[in-house]
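# Tertiary structure, described
Listed below are the residues making up each chain.
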Amino acid sequence: MTFVQLIDCKTSRFDEVNRLMDTWVERTKGKRTATHSLIGQDRSDSSHIIEIVEFPSYEEAMRNSNLPETDEVFRQLVALCEEMPTFTDLDVVRDEQLYAANIRKLFETIGTKGELPPLNDLIAENYHDHDPANDQDTIGLDAMRREMGMWRGAFDFTFTVEDQITQGDRVCTRWTWNGTHKGDFLGIPSTGRTVSMTGTTVFRCQEDGKIVEGWWQYDRLGLMAQLGVLDQLEI
């Protein structure tokens, strides 16, 4: 279970505290067990600082606390604070990356049989799509719906989300696509073949969570081989 520690302190010497944190990061390379650190400054009181440190587990947090470097930095931190910092230990009981959830819903929806929903709850009207397989970028929700319609008309398919990594407003998704070739695809008539691809897509989300830009990389050559197109080429 993920564990989070909140360090709450009062200091008018934030620049020195910031440099101290840089020193701790440098000195604990290869030793620390913390996976993520975030420092927030109270907008109503600039001397009120909260650091949020994430660990894989409580046990790993204790290992980190027992490092000599951590103890030394803590003593220096106390000297920079106007009062003794307080610590709050939290077991994470829910961790929902909201942008990532929207992306998963999009992949699920694209592969749903029947009429394609409007998607305006997931994709922004000014969506911009980058697909190296297309001569030009696809711009706009309506254009993206047509692109999806082309794929849906050629295949019955589903996506399986393998991994997702979220950073800021971007979500990187590694996926597997499985389909059955049922209709014309780039001039290739239906073969009835079962095909698959792997790929990665990076989506950028706007503040309301809607997807506003996407970059695709996938094994299109492998797909064409499975459809038998490469068998027709002379070597």
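Here, every reference points to the structure presented above.
Reading the values: rules and limits
Going along each chain's sequence as written, the residues are numbered from 1 onward. In keeping with the predicted nature of the model, local features appear solely for residues at pLDDT of at least 70, side-chain atom pairs appear and are counted solely at 80 or more, and the whole-chain, interface and lining totals rest on all residues. In computing side-chain properties, one takes all heavy atoms of the structure into account and sets aside hydrogens as well as water. Strands are labelled as partners when DSSP assigns at least two bridges between them. In DSSP terms, a helix is any run of H or I states spanning at least four residues, a strand is any run of E spanning at least two, and both are numbered starting from the N terminus. Interaxial angle, 0 to 180 degrees, is taken between N-to-C directions of lines fitted to C-alpha atoms, where a helix line uses only the stretch in contact. In this scheme, a residue with accessible area under 20% of its type's maximum is buried, one over 50% is exposed, and one in between is partly exposed, where area comes from a 1.4 Å probe on protein chains only. What is meant by a nonpolar core is a set of buried Ala, Val, Leu, Ile, Met, Phe, Trp, Tyr and Cys residues, joined one to another through side-chain atoms within 4.5 Å. By definition in these notes, contact holds between two residues if any of their heavy atoms fall within 4.5 Å.

## Some remarks on the sheet that holds strand β2 (residues 36-41)
- Reading across the sheet, the four strands line up as β2-β3-β1-β4 and stay open at both edges, with antiparallel pairing between neighbours. The open sheet terminates on both sides in strands that have one partner only, identified here as β2 and β4 (86-91). Averaged over all neighbouring strand pairs, the angle between strand axes comes to 15 degrees, with direction disregarded.

## So, unusual backbone geometry
- Positive phi is not limited to glycine here, since Leu119 has a value of about 70 degrees.
- The residue Leu119 is located in the loop between α4 (98-110) and β5 (123-130) in this model.
- When its relative accessible area of 2% is taken as the criterion, Leu119 is described as buried.

## Some remarks on the nonpolar core
- Ranked by internal contacts, the top residues of the largest apolar core, which has 33 residues, are Leu106, Trp151, Phe155, Trp177, Phe185 and Leu223.
- Those elements that provide at least two residues to this core are α4, β5, α5 (141-154), β7 (155-167), β8 (170-181), β9 (194-205), β10 (211-218) and α6 (220-226).
- Residues in contact with Phe185, not counting those within four places in the same chain, are Met150, Trp151, Ala154, Phe155, Arg220, Leu223, Met224 and Leu227.
- The next biggest cluster of nonpolar side chains, apart from the first, holds 16 residues, and it includes Phe3, Val53, Leu77 and Leu80.

## Remarks on the sheet that holds β9
- The strand order across the open sheet formed by six strands is β6-β5-β10-β9-β8-β7, and the pairing between neighbours is mixed. On the outer flanks of this sheet lie β6 (138-139) and β7, each paired with one strand and no other.
- Looking at chain direction, β7 and β8 are connected through twelve bridges and run antiparallel. If you follow Phe155 over to β8, its bridge partner there is His181.
- Its contacts with the sheet put α5 on β5, β6, β7, β8, β9 and β10, and the angle it makes with β5 is roughly 60 degrees.

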